[in-house]
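Geometric and topological summary
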Amino acid sequence: MSVYDVAVIGAGAAGSATAFHLANAGHRVSVLEAVEGPRIKPCGGGMASSVQQWFPFDLSPAVDDVIRQVDFSWCLNDPVIAELPGEAPFWIVRRERLDGLLLEKAQEAGATLQCPFLVQDIDRDDGQWTIRSACGNTLKSKAVVIADGSASPWSGQFGLGPRDLHLASTLSVRLDGLGTLHPGVARFEFGLVHHGFAWAFPLNGGINVGVGTFIGRNPMDAETVLNALLPDLGFPADAGLRQQAALRVWNGHSPLHGNGMVAVGDAASLCDPFLAEGLRPALMSGCEAATCLDRWLRNDVPSLADYTTVMRHRWGDSMAWGRRIAQVFYRFPGVGYQLGIKRPTAPRRIAQILSGEMGYGDIAQRVIRRLLLQRG
Ligand SMILES: Cc1cc2nc3c(=O)[nH]c(=O)nc-3n(C[C@H](O)[C@H](O)[C@H](O)COP(=O)(O)OP(=O)(O)OC[C@H]3O[C@@H](n4cnc5c(N)ncnc54)[C@H](O)[C@@H]3O)c2cc1C
């Protein structure tokens with residue numbers, strides 16, 4: 001049996017980005033994906049255009065809209081309308097097309113795809129990994145990339161990512177037609193959702209609506225939220241394709257590498273715990289993991305520890321503050337809306353954070369102090 005340099009488990013945004021960069025660097029890569037064909041994933045598709053810098057090919061075929069204006073509301077009232085600064089455009093991608101594009105580029109660069117391949121067992125012996133599928137197929141590799149998303153059993157099993165998982169509870173709806181939403185306009189609703197928020201992002205001929213709660217353990221009553229939100233957006237309350245998902249969000253600094261193994265994207269719990277931004281860290285971690293694996297496979301470095309270090313510096317340090325902001329904001333969202341979202345500088349700050357121009361650390365202490373003082 002031939003031995004691959006790298007087996008990538010999961011062909012989502014994180015896995016396919018990793019596979020592209022590794023194959024492009026000349027490594028033998030096999031991507032193992034459980035589910036065949038494009039499918040609608042529970043994802044709003046909001047993504048800063050700054051991610052383009054990490055790819056030598058054009059991502060625009062996956063882009064359905066460019067956001068220029070953000071409308072905020074509190075219980076469907078008290079609107080705040082904000083123009084986004086031109087220098088930090090925010091894209092809405094169709095997830096199925098983004099994942100397909102990244103995978104196609106990885107295959108063009110030389111990666112092979114095995115699908116359906118539902119990974120059921122991963123073993124290390126004699127410095128090599130053996131990966132088995134539910135159907136009894138086997139593959140051997142020098143390194144493994146864990147990229148199987150929020151439900152990954154492997155990151156925990158191999159001690160990658162936070163020991164205590166923090167799960168945001170989400171419901172997403174894909175709708176045909178724009179309803180009352182306009183192209184180029186994203187909508188965020190606070191107040192209707194206990195401990196979280198709802199969003200509506202325009203696609204070309206449709207919209208993605210999502211509801212998420214970010215703190216607390218009580219199950220979210222998303223249907224009640226949708227009963228109010230969907231008619232406000234111009235749709236019947238029961239419209240659209242609905243998908244529930246438990247989303248792993250960042251929950252503390254933790255190792256993201258092991259011996260010949262790394263975790264990327266949701267499997268590594270990288271998603272922003274305040275705004276649920278998961279695509280940028282998925283793509284960033286894919287690129288950084290590939291850079292580190294490339295050096296390790298060439299014997300330039302003895303371990304994959306640099307990957308954990310770089311992700312902590314580039315992402316985790318900001319998320320540590322994002323987590324603190326989420327804990328205060330979602331406990332006192334009314335105060336947060338009045339003192340945070342309604343500030344004239346807020347939309348620009350949010351855009352700068354989502355584009356990577358700023359980290360939460362740059363604003364956190366002021367934001368938290370303001371929220372706590374006002375509450376007192
Ligand atoms: C409702 C909702 C809305 C969101 N909106 C946004 C947004 O607007 N912007 C944003 O940036 N982020 C958003 N996110 C977060 C974002 O969707 C995730 O962070 C992103 O999907 C992470 O990509 P990934 O590649 O890590 O995981 P995934 O996209 O989940 O990919 C994992 C892949 O692994 C495969 N797989 C799983 N198990 C196995 C196995 N055993 N063997 C083989 N393959 C396997 C799966 O089939 C899947 O294709 C949202 C999330 C939710 C739930």
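The model shown is predicted, which means the values in this text are computed figures rather than measured ones.

Regarding the packing of helix 5 (residues 279-297) against helix 6 (residues 305-329)
- Packing of helix 5 against helix 6 leaves a shortest axis separation of 9 Å and a crossing angle of 150 degrees. In terms of axis orientation, helix 5 runs roughly antiparallel to helix 6. Remark: the crossing between helix 5 and helix 6 carries right-handed chirality. Of helix 6, the residues touching helix 5 (which contributes Arg-280, Pro-281, Met-284, Ser-285, Glu-288, Ala-289, Cys-292 and Arg-295) are Asp-306, Tyr-307, Val-310, Met-311, Arg-314 and Trp-315.
- Of the residues that constitute the contact of helix 5 with helix 6, the class distribution is 8 nonpolar, 1 polar and 5 charged.

Here's the deal with the site of the ligand
- Neighbouring the ligand are 35 residues; Glu-33, Arg-39, Gly-46, Arg-95 and Asp-266 lie closest to it.
- Within the backbone of Ala-14, a nitrogen or oxygen atom sits 3.0 Å from an oxygen atom of the ligand.
- With respect to the ligand, the side chain of Arg-39 contributes an N or O atom lying 2.8 Å from an oxygen atom.
- The fraction of the free accessible surface of the ligand (1,000 Å²) that becomes covered by protein chains is 90%.
- Broken down by class, the residue content of the shell around the ligand amounts to 18 nonpolar, 10 polar and 7 charged.
- Both domains that furnish three or more residues to the shell around the ligand are identified here as domain 1 (3-62 + 93-165 + 250-322) and domain 2 (166-248).

A look at the layout of surface pockets
- Roughly 330 Å³ of internal volume is contained in the second largest pocket.
- Along the walls of the second largest pocket sit 18 residues, with Gly-340, Ala-346, Arg-349, Ile-363 and Val-367 positioned nearest its centre.
- Of all the secondary-structure elements, those providing two or more residues to the lining of the second largest pocket are helix 6, helix 7 (333-341), helix 8 (346-355) and helix 9 (364-375).
- Per-element tally for the lining of the second largest pocket: the top contributor is helix 8, with 4 residues.
- Here the lining of the second largest pocket is composed, by residue class, of 11 nonpolar, 3 polar and 4 charged.

Quick notes on the sheet that holds strand 4 (residues 63-67)
- Taken in spatial order, the 3 strands make up an open sheet running 3-7-4, and their pairing is antiparallel. Because the sheet does not close on itself, it has two edges, and the strands there are strand 3 (46-48) and strand 4. Mean inter-strand twist for the sheet, computed between neighbouring axes without regard to direction, equals 35 degrees.
- As paired elements, strand 4 and strand 7 (residues 90-93) share 4 bridges and run antiparallel to each other. Looking at the pairing, Asp-65 lines up with Ile-92 of strand 7.

Cut-offs and rules
Residues numbered from 1 in each chain as written. Predicted model: local features only at pLDDT ≥ 70, side-chain atom pairs only at ≥ 80, totals over all residues. Heavy atoms only, no water. Axes fitted to C-alpha atoms, helices over the stretch in contact; angles between N-to-C directions. Helix = DSSP H or I, 4+ residues; strand = E, 2+ residues; numbered from the N terminus. Parallel < 35°, antiparallel > 145°, perpendicular 65-115°, else oblique. Left-handed = near helix turned anticlockwise from the far one by under 90°. Contact = heavy atoms within 4.5 Å. Nonpolar A, V, L, I, M, F, W, Y, C, P; charged D, E, K, R; others polar. Near = heavy atom within 4 Å. Polar contact = N/O pair within 3.5 Å; in protein donor to acceptor, adjacent residues only side chain to side chain. Areas by Shrake-Rupley, 256 points an atom, 1.4 Å probe, with all protein chains shown as cover. Domains from an automatic or database assignment. 1 Å grid on protein atoms, 1.4 Å probe; cavity = no way out; pocket = protein on both sides within 12 Å on 5 of 7 lines; lining within 4 Å. Points joined across faces, edges and corners; volume = space filled by probe spheres on them. Pairing = 2+ DSSP bridges.

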